Structure formats: C-alpha cells, structure tokens
Amino acid sequence: MRVRAAQAWAEALAAWAIPEWIMAQAPESPWSFPTTTFVAAALRAKAGPLTPTHLRALEALPAEGEVLDVGAGAGAASLPLGRRARGIVAVDQSSEMLEEMRRLGGPGLSLTAVQGVWPDVASRVGSADVVICANVAYNVPQLDRFVLELTAHARSRVVLELTERHPQSSVNWLWEHFWGLTRPESPTALDARSVVAEATGQEVGMESWEGRDVLEAGPDPELVAWIRRRLCLDPSRDQELAELLASHPPDLPPRRVTLWWPGRAP
C-alpha cells in the first residue's frame, strides 16, 4: 500500500528528533533562534535583488493588494512586496520578531501583527490576495493541514519557499563528529511539493534557485554559539566548533525552492 505523501513527510521529520540521551546533556534549548539572524535576512531582502519567491508573489499581487505572511520572522519574504501591497498581515509566534518587522517596515507600512502558530491562529486572520510562507515547512509535521489553511486564505496565490534539503543537513557532519550520530537526509522540497499537490489537488509550480545562508559570512562568534546550541553542546566547545567550521565549511549556499499554487478564498 502506497504511503500518503503527508504521512511520509511527517515520518521523515520525526526522524530528525534529537535523542533523549543527547537532550539530557544539553545545557540550554537547541530550538531557539537569534533574532539578529532574521533581521539580517530581512535587511538583505529589502536591499534586493528580488528572489523568485518575491517575483512569484508579485505576479499574483494586484496594485494595492493584500499580503498574508505566515511565519513572517522579521519580514524577509514580505517586506519587499510592500511597494505594491496596501497592507501586510504578519503571523509569527514571536512578538519580538513581529516588532522587528514593524521597525524595519517603517511608518509607511500598514502592518497587522498576529502572534501565534499557524494554523492554530488561522481563524483570527482574514483572506489576502497572496499568502506567502518562507522557511517554515520543515518545522511542520502536519504539512497537509498547514497548506490547506494557507490555500483557504489566498484569493489569488500561495507562495511557499523552503530549502531544497532540510536546513540542518549542512551540519549533519558535525553531529557525527561530536556525537557519533547519523542524521537523516529527508524530507526534501520535492516531498513538500508532493504533499501540497496531494492536499490541494492542484498543479504546483516549482522553481529551484541559489539562496544565501547565514553561514556564508563565516563562523562569527554569534553564529558559532547558535550552531553549538543546535548541537546540544557546552559553551566550552565553541573554539573547537569555530575551527571545524573554518577548516571544513558546510556546502553553502543551499539551493532554495519556491512552490506556488492557486488560492481558494472567495
């Protein structure tokens, strides 16, 4: 019997769970993200050039249209659309991220911030011409339910961006080095496309392109600390980790993939 795409996606993500014996040794949570990383990404996005994600969104966005950005972070996916959009509704679980997005957007941006996790807060959000969601999918085990709510809120188009491979794949070798742990290689963007097509019953456009990763700038102390937390290591390993990253940099930048399909909101 063929495994449904959504079920296969959920099972593949479950394989990325950190073993309990490693989590028990973690001095702090490995799941936190530095806000500065998202701010830097938003600043780069505002400075241009536009990415395929922005272009696919702009294709479907009428003048003075409305944008819904799910998992907005500091606004890298949607702020470049502000030049055409009448307003942006940003959904993110972090109030700090939403405040940074408001600051970066400036006084001329009409921004409605909704704090919470999608699709739990979907009932609090109205429809928009374009719904955009970038770099969130690999955190969503129930991707079918997630994309169905995106689709239900888009009058014209949904645009979903993710890396070609799991974003942690580039440091899989460090898990092997420090813990002797072999990490998974799936799911991938192709698997995400299969979930979207299966859930919506629609044709899904797909474009692969060269992205930029925070690791490109080199192993600065803040980045080293972030990767160290991800690896559940003690701060005493920072120097060793920095030397490893300097001598064996991950394969960067990662290829990114933009998926898009029609919305179904009235």
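Relevant structure appears above.
Everything numeric here is computed off the predicted structure, so don't read it as measured data.

Student: I'm lost on the packing of helix H7 (residues 172-179) against helix H10 (residues 238-247) in this one. Help?
Tutor: Packed helices, taken two at a time, are described by their axes: the angle between them and the distance between them. Viewed as axis vectors pointing N to C, H7 and H10 meet at an angle of 135°, and their least axial separation amounts to 12 Å. Between H7 and H10, the crossing angle belongs to the class labelled oblique. Taken as a pair, H7 and H10 cross one another with a handedness that is right-handed. For the pair H7 and H10, the contacting residues are Trp173, Leu174, His177 and Phe178 in the first and Glu240, Leu241, Leu244 and Leu245 in the second. Within the contact of H7 with H10, the residues separate by chemical class into six nonpolar, one polar and one charged.

Student: Would you take a moment to explain the packing of aromatic side chains for this structure?
Tutor: How two aromatic rings sit relative to each other is set out by the distance from centre to centre and by the angle between their planes. Within the structure shown, the criterion is met by two aromatic pairs. On the numbers, 5.5 Å between centres and 25° between planes, the contact of Trp9 with Tyr138 is stacked. With Trp9 in helix H1 (residues 5-14) and Tyr138 in the loop between strand E4 (128-134) and helix H6 (143-153), this pair connects stretches of sequence that are 129 residues apart. With respect to class, Trp9 is no different from Tyr138; both count as buried. Centroid distance Trp21 to Trp179: 5.7 Å. Interplanar angle 80°. Geometry classified as edge-to-face. Linking Trp21 in helix H2 (residues 20-23) with Trp179 in helix H7, this pair joins segments that are 158 residues apart in sequence. Judged by its relative accessible area of 48%, Trp21 is partly exposed. Here Trp179 falls in the buried class, since its relative accessible area comes to 17%. The ring of Trp260 has Arg56 lying over it, and the distance from NZ or CZ to the ring centre is 5.6 Å.

Student: Help me understand the sheet that holds strand E1 (residues 65-70) in this model?
Tutor: Working definition: the strands of a sheet are paired by backbone hydrogen bonds and lie parallel or antiparallel to each other. Pairing in this open sheet of seven strands is mixed, and the strands run E3-E2-E1-E4-E5-E7-E6 from one edge to the other. The sheet terminates laterally at strand E3 (111-115) and strand E6 (205-210), the two strands that pair on one side only. Here the strands of the sheet are splayed against their neighbours by 15° on average, with no regard to which way each runs. Note that strand E2 (residues 85-92) and E3 share five bridges and pair parallel.

Student: Can you walk me through H1 in this structure?
Tutor: One turn of the α-helix equals 3.6 residues, which is why residues spaced by three or four share an orientation. Residues of H1 that are buried: Ala5, Ala6, Trp9, Ala12 and Leu13. With its buried residues spanning 125° around the axis, H1 presents them on a single face. In this structure, the buried residues of H1 make contact with H6, strand E5 (154-163) and helix H8 (189-200).

Student: Would you mind going over the pattern of salt bridges with me for this structure?
Tutor: Pairing is possible between side chains that carry opposite charge, provided their charged atoms lie close to one another. By the definition in use, this model includes 17 salt bridges. Linking Asp144 and Arg4 is a salt bridge whose minimum nitrogen-to-oxygen distance equals 3.4 Å. Placement of the pair is Asp144 in helix H6 and Arg4 in the segment before H1, with a sequence separation of 140 residues. Using a relative accessible area of 42% as the deciding quantity, one classes Arg4 as partly exposed.

Student: Can you help me understand the pairing of E5 in this one?
Tutor: The two faces of the sheet receive side chains in turn, since in a regular strand these alternate between them. Counting buried positions over the 10 residues of E5 gives eight, a clear majority of the element. Both E4 and E5 contribute to a ladder of six bridges, which runs parallel. Of the residues in E5, the one forming a bridge with Ile132 is Val159. For the handedness criterion, the β-α-β arrangement of E4, H6 and E5 is classed as right-handed. Taken together, the seven bridges between E5 and strand E7 (residues 255-262) define a ladder with antiparallel strand orientation. Bridged to Leu162 within E7 is Val257.

Student: Before we go on, may I ask you to explain unusual backbone geometry in this structure?
Tutor: Generally, phi is negative for residues other than glycine and the peptide bonds are trans, each holding for most cases. A cis amide bond links Gly48 with the next residue in sequence, Pro49, at an omega value of -5°. Relative to the assigned elements, Pro49 resides in the loop between helix H3 (35-47) and helix H4 (52-60). Phi at Glu64 is positive, roughly 60°, even though this residue is not glycine. The backbone of Cys232 sits at a positive phi, close to 60°, despite the residue not being glycine. Examined against the element boundaries, Cys232 turns out to sit in the loop between helix H9 (221-230) and H10. Exposure remark for Cys232: the relative accessible area of 2% places this residue in the buried category.

Calculation criteria
- Residues numbered from 1 in each chain as written.
- Predicted model: local features only at pLDDT ≥ 70, side-chain atom pairs only at ≥ 80, totals over all residues.
- Heavy atoms only, no water.
- Axes fitted to C-alpha atoms, helices over the stretch in contact; angles between N-to-C directions.
- Helix = DSSP H or I, 4+ residues; strand = E, 2+ residues; numbered from the N terminus.
- Parallel < 35°, antiparallel > 145°, perpendicular 65-115°, else oblique.
- Left-handed = near helix turned anticlockwise from the far one by under 90°.
- Contact = heavy atoms within 4.5 Å.
- Nonpolar A, V, L, I, M, F, W, Y, C, P; charged D, E, K, R; others polar.
- Phe/Tyr/Trp six-rings, centres within 6.5 Å; stacked < 30°, edge-to-face > 60°.
- Buried < 20%, exposed > 50% of the residue type's maximum accessible area, 1.4 Å probe, protein only.
- Lys NZ or Arg CZ within 6 Å of the ring centre and 35° of its normal.
- Pairing = 2+ DSSP bridges.
- Arc of directions from axis to C-beta.
- Salt bridge = Lys/Arg side-chain N within 4 Å of Asp/Glu carboxyl O.
- Right-handed = clockwise from strand over helix to strand, strands pointing away.

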